[in-house]
Amino acid sequence: MPRLSQLLVSRDRQYFDLFEEAGGNIVRAADLLDQMLRSYPDRADLARDILICEQEGDRITHDIIRRLNETFVTPIDREDIYALASGLDDVVDFTEEVADYLGLYQIEAPMEQAQRLAHVLLQACRQLSEAMPRLRNFDDISHFTVEVNRLENDGDRITREAMASLFANGIDPMVVIRWKDIFERLESAVDATEHVANILEGIVIKNS
């Protein structure tokens, strides 16, 4: 029979593999949204691929939670595993909502601030994905988390600019409402990356 230490290493790898998979998935979703907004409406079909990422995120989250329910000993605190899985899932959920709203609201052309926000989101997701392998040994990830925090601040500024321009240019009220919804989801996606960064930082501090 395998020794307990061998079982723990195996279980560690399974959790960390899933977290790295989730990190790659949020990058793919954000990259697709970035492409979609840069070329909208020509690449509106990318919404389908983003939905597939959202479904993949749900699958990864389900696998993590199922493993939590089946595992007595975990490599990090159970609540941290759950929080990290949920946080990563939130990123891709909000990303998919943006893509969905673009189609539902029959947006004809993207606002420049939406394109910038999508790129901020992509950069933040890349930072998280690059930080994820360092979780295995609880290595310092402050370089990545500081950058995510900076990007989130950029996102807030862009969102404020976008909202101000919506209400300053005499745009049709229905268009204002639609874009306000889209910007709120873009902002939520970027905020969710900062939330994940904070969870990661907490896990590393607690276990180092």
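Residues numbered from 1 in each chain as written. Predicted model: local features only at pLDDT ≥ 70, side-chain atom pairs only at ≥ 80, totals over all residues. Heavy atoms only, no water.

### Regarding helix 5 (residues 142-168)
Next up, step 1: The end-to-end C-alpha distance of helix 5, which contains 27 residues, comes to 39 Å, matching closely the 39 Å that a straight helix rising 1.5 Å per residue would cover.
Next up, step 2: Gly-170 lies just past helix 5 and shows a positive phi near 60°. (Helix = DSSP H or I, 4+ residues; strand = E, 2+ residues; numbered from the N terminus. Expected span 1.5 Å × (residues − 1).)

### What to know about the packing of aromatic side chains
Next up, step 1: For the coordinates displayed, the defined rule picks out 2 aromatic pairs.
Next up, step 2: On the basis of an interplanar angle of 70° and a centroid distance of 5.1 Å, the ring pair of Tyr-101 and Tyr-105 is categorised as edge-to-face.
Next up, step 3: In this structure Tyr-101 comes out as buried when scored by relative accessible area, which is 17%.
Next up, step 4: Relative to Phe-183, the ring of Trp-179 has its centre 5.5 Å away and its plane inclined at 35°; by these criteria the two rings are tilted. A residue pair is termed a helical-turn pair when its members lie 3 or 4 positions apart in one helix, as Trp-179 and Phe-183 do in helix 6 (residues 173-207) at 4 residues.
Next up, step 5: The class of Trp-179 is buried, set by a relative accessible area of 4%. (Phe/Tyr/Trp six-rings, centres within 6.5 Å; stacked < 30°, edge-to-face > 60°. Buried < 20%, exposed > 50% of the residue type's maximum accessible area, 1.4 Å probe, protein only.)

### Observations concerning the environment of Trp-179
Next up, step 1: Between the C-alpha atom of Trp-179 and that of Leu-102, which follows or precedes it by 77 residues, the distance is 8.9 Å.
Next up, step 2: Setting aside residues up to four positions removed in sequence, Trp-179 forms contacts with Leu-102, Ile-107, Ala-109, Pro-110, Met-111, Ala-114 and Leu-166. (Contact = heavy atoms within 4.5 Å.)

### Some points on the side chain of Gln-127
Next up, step 1: The residue Gln-127 is located in helix 4 (residues 112-131) in this model.
Next up, step 2: Look past the residues within four positions of Gln-127 in its chain and what remains in contact with it is Phe-144, Glu-147, Val-148 and Leu-151.

### Some points on helix 6
Next up, step 1: For helix 6, built from 35 residues, the straight-helix expectation of 51 Å at 1.5 Å per residue is met to within 8% by its first-to-last C-alpha distance of 51 Å.
Next up, step 2: Capping the start of helix 6 is the job of one residue whose side-chain oxygen sits 2.7 Å from the backbone nitrogen of Met-174: Asp-172. (Polar contact = N/O pair within 3.5 Å; in protein donor to acceptor, adjacent residues only side chain to side chain.)

### Overview of the packing of helix 3 (residues 78-104) against helix 6
In a packed pair of helices, the relevant descriptors are the angle between the two axes and the axis-to-axis distance.
Next up, step 1: Packing of helix 3 against helix 6 leaves a shortest axis separation of 9 Å and a crossing angle of 165°. The angle between helix 3 and helix 6 places the two elements in the roughly antiparallel class. Classified by chirality, the crossing of helix 6 by helix 3 is left-handed.
Next up, step 2: By residue class, the composition of the contact of helix 3 with helix 6 is 17 nonpolar, 4 polar and 6 charged. (Axes fitted to C-alpha atoms, helices over the stretch in contact; angles between N-to-C directions. Parallel < 35°, antiparallel > 145°, perpendicular 65-115°, else oblique. Left-handed = near helix turned anticlockwise from the far one by under 90°. Nonpolar A, V, L, I, M, F, W, Y, C, P; charged D, E, K, R; others polar.)

### Details of the environment of Ala-192
Next up, step 1: By secondary structure assignment, the location of Ala-192 is in helix 6.
Next up, step 2: A relative accessible area of 7% places Ala-192 in the buried class.
Next up, step 3: In this structure the C-alpha to C-alpha distance between Ala-192 and Cys-125, which are 67 residues apart in sequence, comes to 9.9 Å.
Next up, step 4: Those residues in contact with Ala-192, other than ones at most four positions away along the chain, are Asp-90, Val-91 and Phe-94.

### Digging into the packing of helix 2 (residues 46-70) against helix 3
Next up, step 1: Where helix 2 contacts helix 3, the axes come no closer than 9 Å and their chain directions differ by 165°. Between helix 2 and helix 3, the interaxial angle falls into the category roughly antiparallel. Like other packed secondary-structure pairs, helix 2 and helix 3 cross with a definite hand, here left-handed. Contacts from Ala-47, Ile-50, Leu-51, Cys-53, Glu-54, Gly-57, Asp-58, Thr-61, Ile-64, Ile-65, Leu-68 and Asn-69 of helix 2 reach helix 3 at Arg-78, Ile-81, Tyr-82, Ala-85, Asp-89, Val-92, Asp-93, Thr-95, Glu-96 and Ala-99.
Next up, step 2: A breakdown of the residues in the contact of helix 2 with helix 3 according to their chemical character gives 12 nonpolar, 4 polar and 6 charged.

### Observations regarding the nonpolar core
Side chains of nonpolar character tend, in soluble globular proteins, to be buried together.
Next up, step 1: Within the largest apolar cluster, 68 residues are counted, with the highest numbers of intra-cluster contacts made by Phe-19, Leu-33 and Phe-183.
Next up, step 2: Elements with a contribution of two residues or more to this core: helix 1 (4-38), helix 2, helix 3, helix 4, helix 5 and helix 6.
Next up, step 3: Broken down by element, this core gets its largest block of residues, 14 residues, from helix 6.
Next up, step 4: For Phe-19, the residues in contact, after removing those within four places along its chain, are Ile-64, Ile-76, Ile-81, Leu-84, Ala-85, Leu-88, Met-132 and Leu-135. (Core = buried A, V, L, I, M, F, W, Y, C linked by side-chain atoms within 4.5 Å.)

### Brief notes about the confidence of the model for the protein
Next up, step 1: On average, residues of the protein score 93 in pLDDT, and 94% of them reach the 70 mark or higher.
Next up, step 2: Mean pLDDT across the elements of the protein bottoms out in helix 1 (84) and peaks in helix 4 (98).
Next up, step 3: A low-confidence stretch, residues 1-7 stays under pLDDT 50, and its non-local contacts, those more than four residues away or across chains, total 1 contact. (pLDDT = per-residue confidence, 0-100.)

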